[in-house]
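Residues per chain, in single letters:
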Amino acid sequence: MVKKVFSIVLILACLFMLVAGAFGIKDILQEKSDGEKNKAETLEKLDTLKAGVAELEKNRAAYEEGLKAYEDGTAEYEQGQKDLEAGEADYEAGKIKIANGKIALAAGQKEYDTSLAQYNYTVNNRDAVIDQKTEEYIKANPAVVNGLIEKNLDAGVETAVKQQSEAMVQQELAKFKEANPEVAKDEAKMKAVEAQIRASVEAQHDAIKAGVMANDEAMAKIRAGVEAQVKAGIREQVAAQVDAGIADAKVKLAAGKAKLDKSKAELRAGEAALAAAEKQLAEGKDKLSAAEDQLADGKTQLETFEAGQKQIDAGYATLMENEKIAAKVENGMDALDAGYAVVDEESEITTADLVGRAVYIGLGMLGALFGLIAAFVKLPKCKVFGAIALVLAVAGNVVGLIRTYSEQQLPMIALIVLAVAAILFFFTRGKAEA
């Protein structure tokens, strides 16, 4: 009974392996066919791209010649437009210059006469003008003037303190000389006495200053003196401005006269500009016509080459979408060479994979055949064929593991089932027969 059970299990496992192997071989053949077809198509595209690049390079000189012709034509056309516009502008400018020249001459003369009259008045009445402007500034800027007075008031007070201190020193010296006539004759002793008196007076500086500031009459005089100094300073500044204005007016008068002379010259130049503009208009039209013809010839040559260049660029862009090709190009390889190299590499990888799959499926199918034989023969032959089937099944699984047969589910399951069935058959069939 045990013999039949394990024989049936082995037979089913072998049949399953043969069926799974048949499907696996079919997939291998199909993938091989698809791979060869894809390789042929890819190589055809690469050959087409290579031929296109060669053809494009052969015509590049003609393209560059056409490009130069187009650029030259464009340059001539644009220059012709500029010349024409310049001629029209010059023509209109000539008419405008004549009219504007007369207006400018009259306006310049009026401006010159006004400036001259103002200049003469200022020169002849300099002091009066300075006084007037000084008073105007003081009235218009009371805050500034008062600020200057307050800023310099303390200096005025210090001056008064210094004067009063000096008077006190001289008074004390006179008293000392009167009280000590013998000492007054000794110059060295008197210098020492004077130094002591001065030191004593300087020690009273703050008190003297407070006394001065408390004296309304003294402060009024000090303020009046400071105010006079400030106004005198303002008048000096105004005088400098007036003198600078006189000098500037003199320069402007000379420039005004030169401007009048220039306006007269521009009137004469207007008619000459009109004649030149008319000549430029005729020349501009001739240049435009020649440029248009040259542009047409250049454009025809450019479009043919550029269309081919776009196709080549698109082909290269398609190649660079492949990461392996892009990596080789980044490492310095030509894109076309990289394409051919990647096709060869992919073909080798696919071939190696298909061969590996064929090996472990073939081992499994061969093991299945030996298993079927073992299931139908008696000892000792059944153990021999069973052992061969077991070895082949195990070998198929080992190769499959190395070749990652987990990606091929059906052959993998069939190989595992066959190996298990072969093991059970080999280690149980002999005992059952016994």
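Since the structure is predicted, the reported quantities are computational estimates derived from the model, not experimental observations. Here the residue index of a chain counts from 1 through its sequence in written order. With the structure being a predicted model, the display of local features is reserved for residues of pLDDT at least 70 and the display and counting of side-chain atom pairs for 80 or more, all residues being used for whole-chain, interface and lining totals. Working from all heavy atoms in the structure, the side-chain values ignore hydrogens and water.

1. Points about the side chain of Asn397
By the criteria applied, helices consist of DSSP H or I runs no shorter than four residues and strands consist of E runs no shorter than two, each listed in order from the N terminus. If you trace the backbone, Asn397 turns up in helix H11 (residues 381-402). Counted as a polar contact is a pair of N or O atoms within 3.5 Å, where, for protein atoms, one must be capable of donating a hydrogen and the other of accepting one, and residues adjacent in sequence contribute only when both atoms are in side chains. Among the polar contacts listed, one links the side chain of Asn397 to the backbone oxygen of Leu415, at a separation of 3.1 Å.

2. So, the nonpolar core
By size, the foremost hydrophobic cluster in this structure holds 21 residues, and its most contacted members are Leu10, Cys14, Met17, Ala368, Leu418 and Phe425. Those elements that provide at least two residues to this core are helix H1 (2-58), helix H10 (335-376), H11 and helix H12 (409-433). The dominant element in this core, judged by the number of residues it contributes, is H1, at seven residues. Only heavy atoms matter for contacts: two residues are in contact if any of them lie within 4.5 Å across the pair. Dropping the residues within four chain positions of it, Leu10 is found in contact with Gly371, Ala375, Leu418, Ala421, Ala422 and Phe425. Val129, Ile130, Met219 and Ala239 belong to the second-largest nonpolar core, a separate cluster that totals 15 residues. Side-chain atoms within 4.5 Å link the members of a nonpolar core, which is a set of buried Ala, Val, Leu, Ile, Met, Phe, Trp, Tyr and Cys residues. Residue burial is assigned from relative accessible area. The probe radius is 1.4 Å, only protein chains are included, and a residue is buried under 20% of its type maximum, exposed over 50%, and partly exposed in between.

3. As for helix H6 (residues 187-203)
Expected span of a helix, by definition, is 1.5 Å for each gap between consecutive residues, and there is one gap fewer than residues. For H6, which comprises 17 residues, the first-to-last C-alpha distance of 24 Å matches the rise-based estimate of 24 Å (1.5 Å per residue) to within 8%. Looking only at H6, the buried set comprises Met190, Val193, Ile197 and Val201. Viewed along the axis of H6, the buried residues span an arc of 75°, placing them on a single side of the element. Opposite the buried face of H6, at more than 90 degrees from it, the exposed residues are Ala188, Lys191, Gln196, Glu202 and Ala203. Between a side-chain oxygen at the N-terminus of H6 and the backbone nitrogen of Ala188 the separation is 3.1 Å; the capping residue is Asp186. It is the directions from the helix axis to the C-beta atoms whose arc is reported.

4. Here we look at the environment of Lys383
For Lys383, the location among the structural elements is in helix H11. Residues Lys383 and Phe427, 44 residues apart in the sequence, show an inter-C-alpha distance of 8.8 Å.

5. Some remarks on the pattern of salt bridges
Think of a salt bridge as a Lys or Arg side-chain nitrogen and an Asp or Glu carboxyl oxygen that are within 4 Å of each other. Applying the stated criterion to the full structure yields four salt bridges. Ionic pairing is found between Asp127 and Arg126, a salt bridge with its closest N-O pair at 3.3 Å. Take Asp127: its relative accessible area is 45%, and that puts it in the partly exposed class. Salt-bridge contacts for Asp243 lead to Arg126; the nearest nitrogen and oxygen are separated by 2.8 Å. Separated by 117 residues along the polypeptide, Asp243 in helix H8 (residues 216-320) and Arg126 in helix H3 (residues 126-140) bring together distant segments of the chain. Salt bridges sharing partners connect three or more residues here, namely Arg126, Asp127 and Asp243.

6. A look at a nonpolar patch on the surface
Only residues whose relative accessible area exceeds 30% and that form no salt bridge enter a patch; like-charged residues are grouped when within 9 Å of one another, and nonpolar side chains (Val, Leu, Ile, Met, Phe, Trp, Tyr) when within 5 Å. For the area figures, the Shrake-Rupley method with a 1.4 Å probe applies, and any residue is considered shielded solely by the protein chains shown. Together, Ile8, Leu12 and Leu15 make up a nonpolar patch on the protein surface, roughly 280 Å² of accessible area in all. Topologically, Leu15 is positioned in helix H1.

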